[in-house]
Amino acid sequence: MTVPPHKRTMTTLDTLTAHTEIFPWSDNFATGIDIVDEQHHKLVDLLNRLASHMSCGAAEVEIYAVFDELADYTVYHFQTEEGIWNEFLPGDPLTLAHERTHHDFVAEVLRVRSIANVLSDEESVEQIVSFLTNWLAFHILEDDTHLARIVIGLQKGLTLNQATEAASLLMKGAAHMLIQSVLKLYDNLSARTMALRREINQRRRAEEKLRLSNNIIESSADAIFVTTPEGLITDVNPAFCQDVQRTREELLGQPIAEIKPGLLASDKGMTVWNQALQTGHWAGELANRRSDGELESVWLTLSIVRDDGLGTQHFVGVVSSISQLVQRYHALEAAANHDALTGLPNRRLLEDRLSQAVERCKRNGTLLAVCLIDLDGFKPINDTLGHDVGDQVLCVVGQRMSQALRGADTVARLGGDEFVLLIGDLGAAHDAARMLGRLLCDVSHPIDLDAQTVQVGASIGVALYPTHTTSMEELLKFADTAMYAAKAQGKGCLQFYPPAAAG
Ligand SMILES: Nc1nc2c(ncn2[C@@H]2O[C@H](COP(=O)(O)OP(=O)(O)OP(=O)(O)O)[C@@H](O)[C@H]2O)c(=O)[nH]1
């Protein structure tokens, strides 16, 4: 069943925001025929809602739906009216002229609808409101009232001529005045009231935006502060209060550098402040001392909010804790630089350490021993006792090597059962030989595992910086050559480059 437009409970126009009665319904609008007046009332109400939309500028209105609803309702209403006029004044020129006006009305609504895509919603609604106002004045107040009065006359038993004359007389005075006053009302209201309403609504929207921004700042997990150019706090959010364990009231007017000394009182803090002054912005990582005394990494964004005259007005700082990010970064960095099994530096970190060690020895005029170690007899452990046992052996051997060296030296695992040692700041080659002899002994001690004891040996090849080469690449290559010579000599021994056989 089709629900007549006036029976719909929730219409698009109903959803328009609070509306202003620009054309409040008055008894003067009444034609005297109840059903017609009731429907006119609804149409005037639609007009008021559209006018209200025009002044409020509600952006969410579905303009096409508004047009469709208006067209729907008027077609429905026109059928009612035409039914009455045709019943009492069939074929009368007034009735025919009236029907043409109805067609014109629908055509105009559809015309504005058809150009709605090139107009803004506001412009479309303005066109419709202007058109409806004229229609209210000339159609409802003039034509409908005129016809209604003839019909009422006929209902009272007057002849058509008598009824027409009586109606014309009535229409001459008051109705004319009313039409003029409606049009004037529209002119005045559309120009002034709507402009005013629009302004009010713009302000309301701006306030809403401001309220939303405030809510965001208030609920932000980041600590936010605002200061004068001299660094005196003018506002803070709850996260900032929480961070420094002070109330907002206690903080207002306080120097930010005293409240957050770690952030803004240090030399770095001054640099941050000055750069923000010069460029309008500073962002970067700083250390912040929390209220519990712990140091944490934070990301500070400091910006200047200037007034219209471009004079400095406020500094706005946003402090975001990035401790977890930094921890994660360090964990990833550690993983990228260390061997997952033994935790020793991997080849990537070894390259760094090698260049640092070379630099140090160059500076100090000392020797650096680059030692390549390959275990002896490791494969059979893997093969007979399993890979897990092999892994344990690699870890124990790594620990023993680390313990045999000084803190500044490096033990790295290249992969498999291959390790590299960097022994720096040596006075002579035999210093390295002594340390490596001890290390060979340590490595070859039996290893007690859960269920068994195993034993491995090691073959070591050594190249010296700068004795054998100053190239880091060659240092590793020469150490490798020497290590193969050690294997060839029966394993479990130390061989300096150049190996005897090679040289
Ligand atoms: N458990 C374990 N084994 C590994 C790992 N990486 C490589 N291997 C094994 O280590 C063994 C290294 O082989 P070799 O160096 O020939 O063994 P080796 O018995 O010490 O022989 P030589 O060097 O000639 O004395 C191979 O069996 C590899 O499969 C690892 O991460 N864990």
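Residues numbered from 1 in each chain as written. Predicted model: local features only at pLDDT ≥ 70, side-chain atom pairs only at ≥ 80, totals over all residues. Heavy atoms only, no water.

An unreviewed UniProt entry lists the protein under the name GGDEF domain protein, with Candidatus Symbiobacter mobilis CR given as the organism.

So, on to the sheet that holds strand β11 (residues 457-465). One open sheet holds the five strands; their spatial order is β7-β8-β6-β11-β12, and the pairing between them is mixed. If you trace the sheet from one side to the other, it starts and ends with β7 (410-415) and β12 (494-496), each paired once. Strand-to-strand twist of the sheet, defined as the mean angle between neighbouring strand axes without regard to direction, takes the value 20°. Note that β11 and β12 share three bridges and pair parallel. Counterpart to I460 in the pairing with β12 is L494. In the packing of helix α14 (residues 387-404) onto the sheet, the strands contacted are β6 (367-376), β7 and β8 (418-426), and the crossing angle to β8 comes to about 5°. (Pairing = 2+ DSSP bridges. Helix = DSSP H or I, 4+ residues; strand = E, 2+ residues; numbered from the N terminus. Axes fitted to C-alpha atoms, helices over the stretch in contact; angles between N-to-C directions. Contact = heavy atoms within 4.5 Å.)

Right, let's talk about the pairing of β11 for a bit. Most of β11 sits out of view: nine of its nine residues are buried. Burial along β11 is two-sided: G457, S459, G461, A463 and Y465 facing one way and A458, I460, V462 and L464 facing the other are all buried. Direction of pairing for β6 relative to β11: antiparallel, over a ladder of nine bridges. Counted as the bridge partner of C371 is V462 from β11. Handedness of the crossover joining β11 and β12 through helix α16 (residues 472-488) is recorded here as left-handed. (Buried < 20%, exposed > 50% of the residue type's maximum accessible area, 1.4 Å probe, protein only. Right-handed = clockwise from strand over helix to strand, strands pointing away.)

L375, V393, M401 and L421 are the most contacted members of the largest nonpolar core, which totals 34 residues. If you list the elements that add at least two residues to this core, you get β6, α14, β8, α15 (429-443) and β11. Among residues more than four places away in sequence, those in contact with M401 are I373, L375, V411, F419, L421, L439 and V443. Counting residues in hydrophobic clusters, the runner-up holds 29 residues, among them L50, V66, L70 and A116. (Core = buried A, V, L, I, M, F, W, Y, C linked by side-chain atoms within 4.5 Å.)

Near the ligand you find 17 residues, and of these D374, L375, K379, N382 and D391 are the closest. Take K379: an N or O atom from its main chain is 2.8 Å from an oxygen atom of the ligand. For the ligand, an oxygen atom lies 2.9 Å from a polar atom in the side chain of K487. For the ligand, whose unbound accessible area comes to 660 Å², protein coverage reaches 68%. Every element with two or more residues in the shell around the ligand is listed here: β6, α13 (379-385) and α14. (Near = heavy atom within 4 Å. Polar contact = N/O pair within 3.5 Å; in protein donor to acceptor, adjacent residues only side chain to side chain. Areas by Shrake-Rupley, 256 points an atom, 1.4 Å probe, with all protein chains shown as cover.)

This part covers the packing of aromatic side chains. Following the criterion strictly, the structure yields six aromatic pairs and no others. Ring geometry for Y73 and Y76: centres 5.8 Å apart, planes at 55°, overall tilted. Here Y73 pairs with Y76, and both are found in helix α2 (residues 63-88), just three residues apart, close to one helical turn. Residue class for Y76 comes out partly exposed when judged on its relative accessible area of 22%. These aromatic residues form a ring-pair network of at least three members: F78, F105 and F131. (Phe/Tyr/Trp six-rings, centres within 6.5 Å; stacked < 30°, edge-to-face > 60°.)

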